[in-house]
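Residues per chain, in single letters:
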2 protein chains.
Amino acid sequence: MDLNEKLILHEDSVSGNCYKIRLTAALLGRRMELIAYDILKGETRTPEFLATINPLGRIPVLQVGQRFLPESNAACFYLADGSPLIPAERFARADMLRWMFFEQYHHEPNVATLRFWLEFVGVDSLSEMQRNQIPGKRIAGEAALQQMDDHLALRNWFVGESVTLADISLFAYTHVAEGGGFALSDYPHVQAWIARMRALPKFVAMAG
Amino acid sequence: MDLNEKLILHEDSVSGNCYKIRLTAALLGRRMELIAYDILKGETRTPEFLATINPLGRIPVLQVGQRFLPESNAACFYLADGSPLIPAERFARADMLRWMFFEQYHHEPNVATLRFWLEFVGVDSLSEMQRNQIPGKRIAGEAALQQMDDHLALRNWFVGESVTLADISLFAYTHVAEGGGFALSDYPHVQAWIARMRALPKFVAMAG
């Protein structure tokens with residue numbers, strides 16, 4: 001990494017997707033400037049934000065010099081490229097990405113969305129279309145947590161013998177899943193892995 | 001890549017997620033054995049499949065020797081690692097992953113799911129919960145296609161000056177999006193890019 005290239009994280013401190021990037025940077029000992037936005041106030045939907053930072057109107061976005069990188073897991077990959085947080089062995093590297101795609105497809109849309117709806121928006125403020133989706137997201141989120149628990153029954157980390165971006169990516173919304181109404185006590189191997197994550201040197205917690 | 005290690009793709013020929021892997025292998029000139037499953041007949045939910053191939057009961061799964069790799073984009077990354085289909089420059093490599101995560105989060109759950117529901121399951125066989133989700137998936141799918149069209153207005157490929165896994169990943173369900181009721185004529189830059197994809201040396205079409 002060009003250490004002279006300035007890093008800015010456009011973020012919201014309550015977002016797990018933003019936290020992934022902060023945790024990756026912390027474990028690598030890499031500094032970033034933080035610029036905060038409030039999603040609920042529409043601060044990522046202004047014409048300036050859409051034109052300059054991310055046409056999707058979403059955070060996080062990692063700014064590298066004058067280039068902008070949306071998608072949390074891609075930003076983590078940029079930061080960690082060449083470090084031990086990405087396995088050097090070819091199959092393990094792809095297997096790490098497998099869990100990161102699992103996170104964005106099976107986990108985040110269910111576990112993170114229910115947390116956002118129930119803890120931050122509030123159930124009374126949801127649209128009917130959103131309320132109709134709660135039961136399906138509950139089932140799918142529980143299935144994702146169960147997959148994680150089954151996988152961790154036999155190993156300490158998702159891929160290989162040490163922490164990788166797969167763990168960081170999945171940790172972000174898992175450790176706050178109770179905010180979405182999920183009972184972590186149902187997943188003892190996940191709970192033990194959460195404790196291992198928290199014990200990592202240079203670990204930083206989520207809330208500001 | 002260890003060319004002695006046997007590759008087997010567990011797949012369904014009508015799945016765009018499976019096609020991504022076949023297209024990647026074709027562009028690389030890499031042979032794979034194919035084992036076909038019919039999702040609609042539950043052939044990926046048998047106890048044997050769940051125990052051995054993928055506990056999520058989903059295809060594609062790329063088998064590398066005795067190791068199993070689910071998640072289509074991770075399998076593409078495994079095959080293409082070290083090839084020109086993955087940019088050598090650090091930011092571009094992460095930017096390629098950005099579009100692959102975009103594909104799994106913003107595109108596939110909308111564009112691919114509507115194609116599956118409308119073309120393969122049939123609207124009359126959908127559950128009420130599925131039917132309720134159609135309007136939201138229509139809006140989100142159109143937004144994803146519009147993002148792609150805006151991005152391609154200024155460039156030939158999603159990242160850099162040549163085809164990468166980002167193009168392959170997004171091509172899979174975009175070029176058959178009309179099966180989900182999306183009008184590709186609304187996205188002229190996407191249409192031009194589809195033509196460029198089809199003109200690639202060693203390109204293979206989707207259907208068997």
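The rules behind these values
Along each chain, the written sequence defines residue order, and numbers are assigned to residues from 1. Each chain takes a letter, starting from A, and each ligand takes a number, starting from 1, following the order in which they are written. Thresholds applied to this predicted model are a pLDDT of at least 70 for local features of residues and 80 or more for the giving and counting of side-chain atom pairs; totals over whole chains, interfaces and linings are not thresholded and use all residues. To obtain the side-chain values, all non-hydrogen atoms of the structure were included, while hydrogens and water were left out. Buried, partly exposed and exposed residues are distinguished by accessible area as a fraction of the type maximum, computed with a 1.4 Å probe on protein chains only: under 20%, between the cut-offs, and over 50%, respectively. Secondary structure elements are taken from DSSP: a helix is a run of H or I of four residues or more, a strand is a run of E of two residues or more, and numbering for both begins at the N terminus. A pair of strands is treated as paired once DSSP finds two or more bridges between them. Pairs of N or O atoms are called polar contacts if they sit within 3.5 Å, as long as, within protein, a hydrogen donor faces a hydrogen acceptor (for residues adjacent in sequence, only side-chain-to-side-chain pairs). By definition, residues are in contact when any of their heavy atoms lie within 4.5 Å. Lines are fitted to the C-alpha atoms to define the axes, a helix being fitted only along its stretch in contact, and any angle between axes, read from their N-to-C directions, falls within 0 to 180 degrees. UniProt positions are given in the numbering used here, feature names are shortened, and annotations may be inferred rather than shown by experiment. To count toward a patch, a residue needs a relative accessible area above 30% and no salt bridge. Like charges then connect within 9 Å, nonpolar side chains (Val, Leu, Ile, Met, Phe, Trp, Tyr) within 5 Å. Note on areas: Shrake-Rupley, 1.4 Å probe, and residue coverage restricted to the protein chains presented here. We count a salt bridge whenever a side-chain nitrogen from Lys or Arg sits within 4 Å of a carboxyl oxygen from Asp or Glu. Fitting of the copies onto one another was done by least squares over C-alpha atoms, counting residues only where both copies have pLDDT of at least 70. Disulfide assignment relies on a single distance test, namely cysteine sulfur atoms paired within 2.5 Å.

Q: Would you take a moment to explain the pairing of strand β3 (residues 61–64) of chain B for this structure?
A: Looking down a regular strand, the side chains alternate between one sheet face and the other. Residue and element names in this part refer to chain B. Residues V61 and Q63 point to one face of β3 and L62 and V64 to the other, with burial holding for every one of them. Sheet analysis places strand β1 (residues 7–11) next to β3, joined by four bridges and oriented antiparallel. If you follow H10 over to β3, its bridge partner there is V61. As paired elements, β3 and strand β4 (residues 67–70) share four bridges and run antiparallel to each other. Paired with V61 across the strands is P70, a residue of β4. Here β3 folds back onto β4, and the loop between the two strands holds two residues, one of which, G65, carries a positive phi near 60°.

Q: I tried to follow the environment of D150 of chain A on my own but got confused; where do I start?
A: Checked against the element boundaries, D150 of chain A lands in helix α5 (residues 128–152). Exposure remark for D150 of chain A: the relative accessible area of 45% places this residue in the partly exposed category.

Q: Just to check I follow, could you spell out the side chain of S15 of chain A for this structure?
A: All names here are of chain A. Among the secondary structure elements, S15 is positioned in the loop between β1 (7–11) and α1 (16–28). What makes S15 buried here is its relative accessible area of 10%. Within the structure, the side chain of S15 is placed 3.1 Å from the backbone nitrogen of C18, a separation counted as a polar contact. Not counting the four nearest positions on each side in its chain, S15 is found in contact with Y173 and M206.

Q: Looking at this structure, how should I read the sheet that holds strand β4 (residues 67–70) of chain A?
A: In any sheet, the strands associate via hydrogen bonds between backbone groups, in a parallel or an antiparallel arrangement. All names here are of chain A. Judged by pairing direction, the sheet is mixed, and its four strands sit side by side in the order β2-β1-β3-β4 without closing on themselves. Both outer strands of the open sheet, β2 (33–36) and β4, are each paired with one neighbouring strand and no more. Here the average twist between neighbouring strands, direction ignored, is 20°. Bridge count between β1 and β2: four bridges; the pairing is parallel.

Q: Mind showing me how you'd approach the UniProt feature "domain: GST N-terminal" (unreviewed entry) in chain A here?
A: The UniProt record marks residues 5–87 of chain A with the feature "domain: GST N-terminal" (unreviewed entry), using the residue numbering of this structure. The annotated region residues 5–87 of chain A carries 34% helix and 20% strand content, and the separation between its end C-alpha atoms amounts to 24 Å.

Q: Would you take a moment to explain a nonpolar patch on the surface for this structure?
A: On the surface, a nonpolar cluster with roughly 250 Å² of combined accessible area is contributed by I39, L40 and F116 of chain A. Relative to the helices and strands, I39 of chain A resides in the loop between β2 and α2 (47–52).

Q: Sorry if this is basic, but what is going on with the relation of the copies chain A and chain B here?
A: Two copies of the chain are present, and they differ by a rotation about an axis and a shift along that axis. In screw terms, the move from chain A to chain B is a rotation of 180° and a rise of 0.0 Å along the axis, fitting with an RMSD of 0.0 Å. The transformation just described matches what one would write down for a two-fold rotation axis. Identified as the residue of chain A closest to the rotation axis by C-alpha distance is Y105 of chain A, at 3.0 Å. Mapped onto chain B, 100% of the interface residues of chain A are again interface residues, and the two copies thus contact each other with one and the same surface.

Q: Explain the state of the cysteines to me, please; I cannot follow it from the model alone.
A: Residue and element names in this part refer to chain A. This structure, assessed with the given rule, holds zero disulfides over all chains. Unpaired in terms of disulfides, C76 finds its nearest cysteine sulfur in C18, a separation of 10 Å. Among the residues examined, C76 registers a relative accessible area of 2% and is labelled buried.

Q: Explain the pattern of salt bridges to me, please; I cannot follow it from the model alone.
A: When the charged atoms of two side chains with opposite charge come close together, those side chains can pair. Applying the stated criterion across every chain yields a total of 18 salt bridges over all chains. Taking the shortest distance from any N to any O, the salt bridge between D81 of chain A and R93 of chain B comes out at 2.6 Å. Of this pair, D81 of chain A sits in the loop between α3 (72–80) and α4 (90–121) while R93 of chain B sits in helix α4 (residues 90–121), placing the two residues on different chains. Of the two residues examined, D81 of chain A and R93 of chain B, each falls in the buried class. Among the ionic pairs, E5 of chain B bridges to R67 of chain B, the shortest N-O distance being 3.9 Å. Taken together, the residues span a long stretch of sequence, with E5 of chain B in the segment before β1 and R67 of chain B in strand β4 at a distance of 62 residues. Where salt bridges share partners, they join E5 and R67 of chain A together with E89 of chain B into one cluster.

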